[in-house]
Amino acid sequence: MVATRLLLLACTCLVPVLLPAAADAQPRPAPRPPAIQPAVAAGPVIRAIDVAGNQRIEADTIRSYMLIQPGDRFDADRLDRSLRTLFATGLFRDVRVARDGDRIRVEVRENPIVNRVQFEGNSRVGDTVLTPEVTLRPRAVFTPQAAQADRQRILDLYARRGRFATRVEPKVIELDQNRVDVVFEIAEGDAALVSRISFVGNTAFSDSRLRDVVATREQAWFRILSSSDIYDPERLAFDRELLRRYYLRNGYADVQITAATAELAPDRSGFFVTYAIDEGPRYRVGRVDVTSTLRGVDAASIRGDVAIEEGAWYDAEAVERAVETLSDTIGLRGVPFVEVRPRVTRNREARTVDVAFEVGEGNRAFVERIEITGNTRTADRVIRREFRLAEGDPFNAAQVRRSRQRIRDLGYFGNVDIQPQQGSRPDRVVLNTTVAERPTGELSLGGGFSTDAGFLADFGIRERNFLGNGVDARLQTLLAQRRSQIDFSVTDPAFLDRNLSAGFDLFYLQRNLRDIASYNERRYGTVLRAGYEFNERLRQSWSYSLVNRTVYDIQDDASRFIKEQRGSTLLSQIGQTIAYDVRDSRIEPREGYIIRLGTDLAGLGGDVNYIRVRGDTAVYFPLERYFGDRDYVLVLQGGFGWMAPWGDREERIIDRFFLGGDNLRGFALAGAGPRDIGSPSRDPLGGRVIWTQTTEFRFPLPLPSEVGLLGRAFVDVGALFDTPVTGTGVRDEASPRVGAGVGISWRTPVGLINIDIAQAVVKKEYDQTQVLRFGFGTRF
């Protein structure tokens, strides 16, 4: 039994060893090729896409947004992305996409169409201002997101106007045919004004002085028609630049405006604005040098054009002006490709700034084209004729600046921008000129009072750019207590597109001079005018006048010399005026001068013969460097006149010169000069020779600049003599008269008010004086 168990155990152990050997001894079958693994089963082929719920939008349009189309196999990922694509169109408020066997079912709910957009509660900002701000429009698709975006735009608009407490709520009124009315309900609230403006770090200038520099203003009762006291974040950035430039003008070359912050009051009623300033040291001008590498341009010959004095306080803007002046001066000599490079070197120990102007040749480039855009009404030729360079000319930056200023001076455009860009080659420049048209028509009604004319009213209609051709047409009517006038004039500033202005006037004038010279005067006639420019500064104009003049209604106690003037005369006169003008502005000059000389010749027909010569000049001296304000100006003015009859005809009293009033303050109109004191009316007789001189100091008053008040102190000197009449009681003396006084000019929202208080310091006993001269006028 035991032997049998041992035998079985041995066999069991040998089987694992013998089986592999036996397997190796048998022949092996050929290996099978690997089996092909079946692919993952794809979805069924989509047979159709069914669309439901659409009202306005075509089913095919909706299918076109799907990323899966009939014939494709079903793909859950593409179906999900199709759903998101349909939502992204903004056309639907709800979309559902589902598989229905071998079909895809798309159910949509379209967003409504905007029928009307309205604003309610907006009394401070009109609908015409709000409508361009919102994106929702009639017949546009309405979405809640668009309504909320427009709500924020309206809030931003009110915030720019200082109304931070404004609330806006969009309301949707559902209509039939899936339409809606959108109503923005606005609660405007009170404007958040600037309650206080303060400065930190300023030691050179007081807070009150710097408050006049920045554009932001503190709230005050007199700013009721201004928006400068409304908080505007964008204005703060502009204020920082204004402060920086002010300090740079006054020698602080290292100044930094480190911060401009605004803190809203807890009750949201106003802002506290604070500017932080790091002034740095103040510098004087050290050496001023001019060097030139241009052929034919000597540095010494242009050194006088640099209006920067050594030892004066450094002025960064004066350096910029000097660069432009040098460029203009050399450019006007016909030298092309001018480049003026300023080199500023600080000496911090000595606190001086050395300024060197290096004049050399710039990039050689020529004007390839002048492109003009934005002129929807004004003809291209009206703009092109103001350019100081033409296509093919050498590029000159000074002439580009001058061209830009000339186009602006037309008054037809709110903005003018000229950007030089590279043309078809590196040495070619295209001048891209963009203009923004503004209204040029005027319809005015006005009223006021003046010392000479009394209470007055006027009506005018004017078009300064008639039919877009640059022609100025005007009809003006004036009715006053002592003066009535109607005037129709037409002027073409570039007749036949040449350097020639041409125009005419038709007028009727009636003056009541009974309180001044015991008679009334009536004139009517026509004037033909023409003028041309020799250059930017020198201009000459010619005129021919044909005027009927009548002296009538002479008082019984008038001088016999006045009574002899009764009746009508015909004036036929040709005249010319030549003017040289280098003022910085024709409207409010502060620097430069103007010289005018005019001559008149009467007697080419008509009833009177005379020769008359007139001349005047005015010089403006800016005093900003001494007072720190550009409104400080010293003005010196002078004028003269001379006339003489020729032939056998005597001149008339209405052709002579008169002194007093505007040309000699402190004296009444025609109050100084030859007079017949032997007559009860003591009438002025006029003279053949006149001269005047005025010294006037203009200054700002210690009030906020936006009030618009400017003061002046003046001394007027003048003389009138050489009257052709003689007799008992006639006084004709050549001694000068002097008047002195002060005055103010006030630019109010309703017009300009001028008040002068003057005293006749040197006068004759028969002169008529006037202490107060007042003028007020407005247009609306």
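Nothing here was measured: the structure is a model prediction, and the numbers come from that model. Along each chain, residue indices are assigned from 1 in the same order as the chain's sequence is written. Given that the model is predicted, a residue must reach a pLDDT of at least 70 before its local features are reported, and side-chain atom pairs must reach 80 or more before they are shown or counted; all residues, however, enter totals for whole chains, interfaces and linings. For the side-chain quantities, the full set of heavy atoms in the structure was used; hydrogens and water were omitted.

Help me understand the environment of glycine 605, please; the structure alone is not making it clear to me.
When you line up the elements, glycine 605 lands in the loop between strand E24 (592–602) and strand E25 (610–622). Summary of the burial criterion: residues with accessible area below 20% of their type's maximum are buried, those above 50% are exposed, and those between are partly exposed, where the area comes from a 1.4 Å probe applied to protein chains only. Judged by relative accessible area, glycine 605 falls into the partly exposed class, the value being 36%. Separated by 59 residues in sequence, glycine 605 and leucine 546 have C-alpha atoms that sit 9.4 Å apart. In this description, contact between two residues means that some pair of their heavy atoms is separated by no more than 4.5 Å. The residues contacting glycine 605, other than those within four sequence positions of it, are Ser572 and Arg649. Secondary structure follows DSSP: runs of H or I at least 4 residues long count as helices, runs of E at least 2 residues long count as strands, and numbering of each begins at the N terminus.

Hey, could you run me through the nonpolar core in this one?
Within soluble globular proteins, side chains that are nonpolar generally end up buried alongside one another. Residues belong to a common nonpolar core when they are buried Ala, Val, Leu, Ile, Met, Phe, Trp, Tyr or Cys residues joined through side-chain atoms within 4.5 Å. Of all hydrophobic cores here, the largest spans 46 residues; its most connected members are Ile308, Tyr314 and Phe357. Listing elements by their share of this core, those giving two or more residues are strand E7 (193–200), helix H6 (207–213), helix H7 (233–249), strand E9 (270–278), strand E10 (284–292), helix H8 (299–302), helix H9 (316–332) and strand E12 (352–361). Not counting chain neighbours up to four residues away, the residues in contact with isoleucine 308 comprise Val285, Val288, Arg303, Ala318, Val319, Ala322 and Phe357.

What exactly am I supposed to notice about unusual backbone geometry here?
Phi is mostly negative for residues that are not glycine, and the peptide bonds are mostly trans. One non-glycine residue, phenylalanine 337, adopts positive backbone phi at about 55°. In this structure, phenylalanine 337 sits in the loop between H9 and strand E11 (338–347). Judged by its relative accessible area of 5%, phenylalanine 337 is buried. Look at serine 518: it is not a glycine, yet its phi comes out positive at around 70°.

Hey, could you run me through the sheet that holds strand E15 (residues 428–437) in this one?
What holds strands together in a sheet is hydrogen bonding between their backbones, with the strands either parallel or antiparallel. Think of it this way: DSSP has to see at least two bridges between two strands before they count as a pair. If you walk across this open sheet you meet the three strands as E13-E15-E14, and the pairing is mixed. With one partner strand each, in any of the chains shown, strand E13 (366–373) and strand E14 (413–422) form the two edges of the open sheet. For this sheet, the mean angle separating the axes of adjacent strands, direction not counted, is 20°. Helix axes are fitted to C-alpha atoms over the stretch in contact, other axes to C-alpha atoms as well, and angles between N-to-C directions run from 0 to 180 degrees. Across the sheet, helix H11 (residues 397–409) is in contact with E14 and E15; its angle to E14 comes to roughly 160°.

Would you take a moment to explain the packing of H7 against H9 for this structure?
Helix packing for two helices is described by the angle between their axes and how far apart those axes are. Close contact between H7 and H9 brings their axes to 6 Å; oriented N to C, the two are set at 80°. Taken together, the axis directions place H7 and H9 in an arrangement best described as roughly perpendicular. Together, Arg245, Leu248 and Arg249 of H7 and Ala316, Glu317 and Glu320 of H9 make up the contact between the two elements. Residue composition of the contact of H7 with H9, by class: two nonpolar, no polar and four charged. We call two directions roughly parallel when the angle between them is under 35 degrees, roughly antiparallel when it is over 145, roughly perpendicular when it lies between 65 and 115, and oblique otherwise. Each residue gets one of three labels, nonpolar for Ala, Val, Leu, Ile, Met, Phe, Trp, Tyr, Cys and Pro, charged for Asp, Glu, Lys and Arg, and polar for the others, Gly among them.

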